[in-house]
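So the chains spell out like this:
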There are 2 protein chains.
Amino acid sequence: MKNKKRLNIAIIGLGNIGSYLYQYLRTNKKQLFKKNNIVPHVIYVSAKNKSKKRSVKIKKSMWLNNYMDATKNKKIDLIIELIGGSEGAAKKLVFSALKNKKHVVTANKALISKYGDKLSKIAEKNKVNLEFEAAVCGGVPIIRSIKESLIANNIKSVYGIFNGTSNYILSSMDKYNFSFKEALNKAKELGYSESNPKSDLNGSDVSSKLKILSSLCFNSYINHNIYVEGINEVDHIDIANANKLGYKIKLLGLSEIKNNKIIQRVHPCLVNKSSYIGSIDGVLNAVIINGSPVGQSIIQGEGAGPEPTTSALISDISSILRGNIKYPFSISDKERKRIKFDSIINQNFSAYIRLDVTDKHGVLSNITKIFANNKVSIKRLIQNPYKSKKFSSITIITHLAKDINLMKTLKQLKNKKFIITKPKLIRIENK
Amino acid sequence: MKNKKRLNIAIIGLGNIGSYLYQYLRTNKKQLFKKNNIVPHVIYVSAKNKSKKRSVKIKKSMWLNNYMDATKNKKIDLIIELIGGSEGAAKKLVFSALKNKKHVVTANKALISKYGDKLSKIAEKNKVNLEFEAAVCGGVPIIRSIKESLIANNIKSVYGIFNGTSNYILSSMDKYNFSFKEALNKAKELGYSESNPKSDLNGSDVSSKLKILSSLCFNSYINHNIYVEGINEVDHIDIANANKLGYKIKLLGLSEIKNNKIIQRVHPCLVNKSSYIGSIDGVLNAVIINGSPVGQSIIQGEGAGPEPTTSALISDISSILRGNIKYPFSISDKERKRIKFDSIINQNFSAYIRLDVTDKHGVLSNITKIFANNKVSIKRLIQNPYKSKKFSSITIITHLAKDINLMKTLKQLKNKKFIITKPKLIRIENK
């Protein structure tokens, strides 16, 4: 393929994903040429630990002395950033690459959600592509779908399950009766979770993805106002309670435009067992978009791992091969809107509340009074004594109430002597 | 927007979809320019009945004298064909347009599934785009997903629900206990079904879509070998029987590569009630793709109607606006494969069989003997007498058996005197 037109690529970062991608590009060069008319040709690589044992063999001559050399090397057309993290090496590399008029493909959600606006402006100015399909739900081609397939639509809301690890944990607590810790260990054992799963569990991974999606859906700058709550505090009693009431607990990311304001939130939700979103178990991801004229569009696939991520990276690389130059965020920087945000505290939710109380006279009357004072009305209340203890568990489902009032109720309950563990609240989503 | 770069468009065919698209392009010109940097400018239209009352007002000067004038008019860059049908005006228009180096966007599944190979060759030769996202499941952006988002993948199978009308009929027979006729009338009343729903009911609409999808998924020429069976013979007793056994009846299109051969089939299937595909009710469409490295990817959305179809048409138009030239079937004509087909008769299925019999001595023994002789073994058999009649209904679920043996069994049963209505067979898909 020496006489064919080529696009020269440098892969920076050779972990599981980088190695898989390198191998894929080696073995599928011909097929990609057939579809895009230009040969994707990896000429350089770089990684933190050059001597680390890898599944792929790489010629010595392909290693860059320093990863930053890629941004100035005239032979290189496209840099694929697979270092990760919003700061440090990844940030330095991508800013410099775009400034030096290299196309960039990245799987880095932390970087894009933090510096996407700035990076996009540089890419646009220099007429190069900045593509990040792999940054949001690898096996779910949602970025390209919003930017190209659903380009006609005025999108009003986007939501879904964007983190495979936390979804695996919640599903297996439900399915196999695992404790949180058992489920997390199983996720690690199966390679679903990173050695440090903090960002999976505390919601920040979903938060990054949701910010990127919102910005694309609403043609706006990235909005950093977002309510984020992870799954750290969900335990198997909540899962069992939800189950009895006909619900499942899912960590959702939800973003919508309401009265010309954006509301972004990430938190565990009780969803109907028989709903579509309730059926997404294990490491699957699903993204639901409501737009006009298309109506509701759903895309579902595997969320993470080298295979689906490579599928996403190759779609970005192919788009660049075909010369399909697009604005990184769908429209020109100067056309992107600044949308005001509305806080979650002004929204109305029905909620599941769980209280562990001492089993004394007057407790229930005390509790219901606090609810009433805060204008939160109770739809359902189930009180069960704990076996062989002087405690009771009270499960409450509320009617729709302002989030701020739900929070006040919780805060006031927390300080009461008859409350023996931190009260729990999980919002209900009728999706 | 007079000084901006423009792409001049002619819309041929102004039914519900053409009128909606015309209106959409008028009101969203600016937004589409923002995203694609070129203004989509409709300069001509044509339709069979010029004086028909339409929801849109069109200036007299925009009407072509003859629709075929569009193909020679030097001002026109892109022709949108919304006439429909595989022959006649649509065929003449699209062949001539591509020969005259006009880009073509069409929603015509009958035309593409029949003449797609020839048309694609002309488009490639003349370096123009032939796009047909709207031809397959309007609100499900499956064509662009296969060609671009999932470009990395070696796809082994594609299946799903591709016809909203038939799915609405089957779902509402199940949900509301409608007879077939009642359900069909309701579909017509709600505007889901065309005045002549023949191609929805006999499977030919799904067949056209499946041929197109197979060809894209497997990088092959369109293969016209396909087994097609519609939903005409499914009645509410079958629906009720399926329900009792934990199944739903769905009209599926299924295509796969097995031992380097292609198997394409369209027929009603019993699918597990709790499966994903079993949950797709009403007019929804869903497409499931299994590929490597992505794993399983699912896209779901509304199947038909002016709104989702316009969403699909606009994505095609935008791709052309951006100059994203692609082969219509993903790869060059000379690279497309000819894949041998394998007939459904060689495949193995578990099946639901329903027999109405006279309630006489020895009938069951007679029946089971026929099954045994044809190497079809019975997994489950339920015999119920019809109320106040001398007939019984026998429902059988078979173990896996060769399709040809199932057919022989059915044929032999059909001729028996104790069989009072035409025996029914519906294959079971464990998806």
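Rules of the game
Residues numbered from 1 in each chain as written. Chains lettered and ligands numbered in written order. Predicted model: local features only at pLDDT ≥ 70, side-chain atom pairs only at ≥ 80, totals over all residues. Least-squares fit on C-alpha atoms with pLDDT ≥ 70 in both. Contact = placed C-beta atoms within 7 Å. Pairing = 2+ DSSP bridges. Helix = DSSP H or I, 4+ residues; strand = E, 2+ residues; numbered from the N terminus. Core = buried A, V, L, I, M, F, W, Y, C linked by C-beta atoms within 7 Å. Buried ≥ 20, exposed ≤ 12 C-beta atoms within 10 Å, placed from the backbone. Domains from an automatic or database assignment. Nonpolar A, V, L, I, M, F, W, Y, C, P; charged D, E, K, R; others polar. Axes fitted to C-alpha atoms, helices over the stretch in contact; angles between N-to-C directions. Parallel < 35°, antiparallel > 145°, perpendicular 65-115°, else oblique. Left-handed = near helix turned anticlockwise from the far one by under 90°. Bend = angle between axes of the 7 residues up to and from the residue.

A. Quick look at the relation of the copies chain A and chain B. With an RMSD of 0.0 Å, chain A superimposes on chain B once it is rotated by 180° and translated 0.0 Å along the axis. Each copy turns onto its partner about a two-fold axis. When each C-alpha of chain A is compared by its distance to the rotation axis, A:Ile299 comes out closest, at 2.3 Å. The share of interface residues of chain A whose copies in chain B are also at the interface is 100%, consistent with both copies meeting through the same surface.

B. Up close: the sheet that holds strand S3 (residues 78-81) of chain A. All names here are of chain A. Here 5 strands make up an open sheet; going across it, the order is S2-S1-S3-S4-S5 and the pairing parallel. The sheet is open, and its two borders are formed by strand S2 (39-46) and strand S5 (130-131), each paired with just one other strand. Bridge count between strand S1 (residues 6-12) and S2: 7 bridges; the pairing is parallel. The residue bridging Ile 11 from the neighbouring strand is Val 45, located in S2.

C. Summary view of the nonpolar core. With 244 residues, the main nonpolar core has A:Ile11, A:Ile12, B:Ile11 and B:Ile12 as its most contacted residues. Apart from the residues within four sequence positions on either side, A:Ile11 is in contact with A:Gly18, A:Leu21, A:Tyr22, A:Val42, A:Val45, A:Ile80 and A:Leu82.

D. Fine view of the domain arrangement of chain A. Residue and element names in this part refer to chain A. According to the domain assignment, chain A consists of domain 1 (6-135), domain 2 (142-302 + 338-344) and domain 3 (345-429). The C-alpha centroid of domain 3 is placed 25 Å from the C-alpha centroid of domain 2. Contacts between the two partners involve 16 residues from domain 2, matched on the other side by 13 residues from domain 3. Mapped by element, the contributors of at least two residues to the side of domain 2 that touches domain 3 are helix H10 (236-244), strand S8 (247-258) and strand S9 (261-272).

E. Structural context of the interface of chain A and chain B. Taken together, the contacts link 39 residues of chain A with 39 residues of chain B. If you list the elements that add at least two residues to the side of chain A that touches chain B, you get helix H2 (29-36), helix H5 (142-149), strand S11 (295-302) and helix H11 (306-321) of chain A. Considering only residue class, the side of chain A that touches chain B consists of 12 nonpolar, 18 polar and 9 charged. Judged from the 3 bridges that link them, S11(A) and strand S11 (residues 295-302) of chain B form a sheet pairing that is antiparallel. When the bridges of S11(B) are listed, A:Ile298 appears paired with B:Gln300.

F. The sheet that holds strand S3 (residues 78-81) of chain B, seen in detail. Residue and element names in this part refer to chain B. Strand order in the open sheet formed by 5 strands is S2-S1-S3-S4-S5, with parallel pairing between adjacent strands. One side of each edge strand has no neighbouring strand; the edge strands of this open sheet are strand S2 (39-46) and strand S5 (130-131). Strand direction decides the pairing type here: strand S1 (residues 6-12) and S3, joined by 4 bridges, are parallel. Bridging across to S3, Ile 12 finds its partner in Glu 81.

G. Structural view of the packing of helix H4 (residues 109-125) of chain A against helix H9 (residues 204-218) of chain A. All names here are of chain A. With their axes 9 Å apart at the nearest point, H4 and H9 run at an angle of 50° to one another. Viewed along their axes, H4 and H9 adopt a mutual orientation that is oblique. Crossing handedness for the pair H4 and H9: left-handed. Along its contact with H4, which presents Lys 109, Ala 110, Ile 112, Ser 113 and Gly 116, the element H9 presents Ser 208, Lys 209, Lys 211 and Ile 212. Residues that form the contact of H4 with H9 fall into these classes: 3 nonpolar, 3 polar and 3 charged.

H. Main features of helix H4 (residues 109-125) of chain B. Residue and element names in this part refer to chain B. A bend of about 80° at Tyr 115 is the largest found in H4. If you check which residues of H4 are buried, you get Lys 109, Leu 111, Ile 112, Ser 113, Gly 116, Leu 119, Ser 120, Ile 122, Ala 123 and Glu 124. Buried residues belonging to H4 abut helix H3 (88-99), strand S4 (103-106), S5 and helix H9 (204-218). Taken from the residues just after H4, Lys 127 is the one with a positive phi, measuring 55°.

I. A look at the environment of B:Lys198. Relative to the assigned elements, B:Lys198 resides in helix H8 (residues 198-201). What makes B:Lys198 exposed here is the crowd of 11 C-beta atoms within 10 Å.

J. Fine view of the environment of A:Lys389. Locating A:Lys389 in the fold gives a position in the loop between strand S13 (378-385) and strand S14 (391-398). The class for A:Lys389 is exposed, based on 12 C-beta atoms found within 10 Å.

K. Representation of the pairing of strand S6 (residues 154-161) of chain B within the structure. Residue and element names in this part refer to chain B. For S6 and strand S10 (residues 284-292), the ladder comprises 7 bridges, and the chain directions are antiparallel. Bridge pairing in S10 links Ile 161 to Ala 286. With 4 bridges joining them, S6 and strand S8 (residues 247-258) adopt antiparallel strand pairing. Counterpart to Gly 160 in the pairing with S8 is Gly 253.

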